[in-house]
Structures are given as structure tokens and as C-alpha cells.
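Chain and residue survey
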Amino acid sequence: MEQETASLMELNDLYSEKILDLAANAPNPGRLAAPDGTARKVAKVCGSLIEVDLSIQNGVITGYGHKVSACALGQTSASVVAREIVGTTVAEFSVLRDTMLAMLTVEGPVPAGKWADLAYLEPVRAFPHRHASTMLVFEAVLAALENAESKQAHGAQS
């Protein structure tokens, strides 16, 4: 019973008021009409799903769209990304993804600057089965960037 109570308290910490607020008030940019890259990712453990569209110019993300069907953790990370990604360089986003993964898996530092709200997801570290849904948007954006790069390379060969 004592361990059950501890687990409930940990879950309560995980789903903090700030996480629930970020998830509930997430921007909904919709999908882009003509994206440079697109990707769809699913977290198999919980069924969370995200489809991401990106526009990129000179290594900078200039447009972002998504469709999200995710748990509160996936919605929270997608919310912060949707709010902050436009104007981010591809290299900066790659570093952010690595920072998030390190925060969750090896007690790495929390994201800072315009990404500071992602620090509210730090308690997810204690729940490895929740990492995939938290990281879903980051993996989708990286896959969309790869898709855009592939389309560009194939277009250049034509």
C-alpha cells in the first residue's frame, strides 16, 4: 500500500499543473499546405501520434504545422515546440532534441532560453515508459527535416 501511495504521488508530480496547462493551451497550427518536409511518428507504448510539416530556408525552420493526438506529456512537448520552433536553426533543433533525451535518460541539463518550459517535463525521467511520448515531437521534426533534405537532394539530381 505504501508503494502504491508513493507511485500515485509521483504521478501527481509528473502531471503538474504547469504540464496540464501547457497541454490544454497548446497552439494548433494545423498542417502546412506545401511543406518542404513531413513526417508521422507514433509512440507504440501509448498510441500517441503526431504528424509534422516543416518549411525550411537556408538552414532555418520558417514554417511549422502539426496534427497531434497524444497524451498530456506528448501534447506538452508539442505545445512548446509549436510555439517556439519557427526561427530555429536546424542545428539548434538537433541540439535541443539531444538535450531533451539527455535530460530524460542521463540526468542531463534542462533546456534553457526560449525552450525553458520543456524543463517542466524533467519529472518524466522517473517514468521510462513515458519517454517515447515526451520525445515524439522531437523525433517527428528530425524525421521531417530528413524528409526535406531527401526531397531537396532528389530534386537537385533531376
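We now turn to the structure provided with this report. (Residues numbered from 1 in each chain as written. Predicted model: local features only at pLDDT ≥ 70, side-chain atom pairs only at ≥ 80, totals over all residues. Heavy atoms only, no water.)

**Here we look at the sheet that holds strand β1 (residues 37–42)**
The line we're drawing: Pairing between two strands is assigned when DSSP locates at least 2 bridges connecting them. The secondary structure listing takes helices from DSSP runs of H or I that are at least 4 residues long and strands from runs of E that are at least 2 residues long, numbered from the N terminus. Axes here refer to lines fitted to C-alpha atoms; in helices the fit is confined to the stretch in contact. Angles between the N-to-C directions go from 0 to 180 degrees. Note on contacts: a residue pair is in contact if any heavy atoms of the two residues lie within 4.5 Å.
Strand order in the open sheet made by the three strands is β1-β2-β3, with antiparallel pairing throughout. Since the sheet does not close on itself, it has two edges, and those belong to β1 and β3 (60–69), each with one partner. Here the average twist between neighbouring strands, direction ignored, is 15 degrees. One ladder, built from six bridges, connects β1 with strand β2 (residues 49–57); its direction is antiparallel. Considered in β2, the bridge of Gly 37 is made with Leu 54. Across the sheet, helix α3 (residues 72–84) lies against β2 and β3, angled at about 155 degrees from β3, the strand it touches most.

**Focus: the layout of surface pockets**
This is how it is decided: Cavities and pockets were defined on a 1 Å grid built over protein atoms only: a cavity is a set of grid points that admits a 1.4 Å probe from which the probe cannot escape, a pocket is an open set flanked by protein on both sides within 12 Å along at least five of seven lines, and lining residues are those with an atom within 4 Å of any such point. Grid points are joined across faces, edges and corners, and a volume is the space filled by probe spheres set on the points. When residue character is reported, Ala, Val, Leu, Ile, Met, Phe, Trp, Tyr, Cys and Pro are called nonpolar, Asp, Glu, Lys and Arg charged, and the others, Gly included, polar.
Empty space within the largest pocket amounts to approximately 210 Å³. Along the walls of the largest pocket sit Asp 36, Ile 56, Val 90, Leu 145, Glu 146, Ala 148, Glu 149, Lys 151 and Gln 152, which together make up its complete lining. In terms of residues, the lining of the largest pocket owes the most to one element, helix α5 (residues 131–157), which gives six residues. The residue inventory of the lining of the largest pocket, partitioned by class, reads four nonpolar, one polar and four charged.

**Some details on the pairing of β3**
Relative to β3, β2 is paired through nine bridges, and the arrangement is antiparallel. Among the inter-strand pairings, Ile 56 is bridged to a residue of β3, identified as Ile 61. Where β2 folds back on β3, the antiparallel hairpin that results is connected by two residues, among which Asn 58 adopts a positive phi of roughly 50 degrees.

**Considerations on the side chain of Ser 55**
The condition that has to hold: Whether a residue is buried, partly exposed or exposed follows from its accessible area with a 1.4 Å probe, protein chains only, as a fraction of its type maximum: under 20%, in between, or over 50%, in that order.
Mapped onto the fold, Ser 55 is located in strand β2. Take Ser 55: its relative accessible area is 18%, and that puts it in the buried class.

**Some remarks on the pairing of β2**
Burial of β2 is extensive: seven of the nine residues sit out of reach of the surface. Connecting β1 to the antiparallel partner β2 that follows it, the hairpin turn spans six residues, and Gly 47 within it adopts a positive phi of roughly 85 degrees.

**Some thoughts on the pattern of salt bridges**
Where charged atoms of side chains with opposite charge meet at close range, the side chains can pair. Rules: The term salt bridge refers to a side-chain nitrogen of Lys or Arg lying within 4 Å of a carboxyl oxygen of Asp or Glu.
For the structure on display, the rule yields eight salt bridges. The closest approach of N and O atoms between Glu 51 and Arg 31, which form a salt bridge, is 3.4 Å. Residue Glu 51 is located in strand β2, and its partner Arg 31 is located in the loop between α2 (17–24) and β1; the two are separated by 20 residues in the primary sequence. Of the residues examined, Arg 31 reaches a relative accessible area of 40% and is grouped as partly exposed. Of the charged contacts in the structure, one is a salt bridge between Glu 84 and Arg 83, with a shortest N-O distance of 2.9 Å. Judged by relative accessible area, which is 18%, Glu 84 ranks as buried. Note on Arg 83: relative accessible area 39%, which makes it partly exposed.

**Description of empty space enclosed by the protein**
Within the structure shown, the criterion is met by one cavity of 30 Å³ or more. As a volume, the largest cavity reaches approximately 30 Å³. Ile 50, Val 68, Ala 70, Gly 74, Ser 77, Ala 78, Ser 133, Leu 136 and Val 137 are the residues that line the largest cavity. Listed by contribution, the elements that provide at least two residues to the lining of the largest cavity are α3 and α5. For the lining of the largest cavity, a count of residues per class yields six nonpolar, three polar and no charged.

Purely spatial values, then, with no claim about function.
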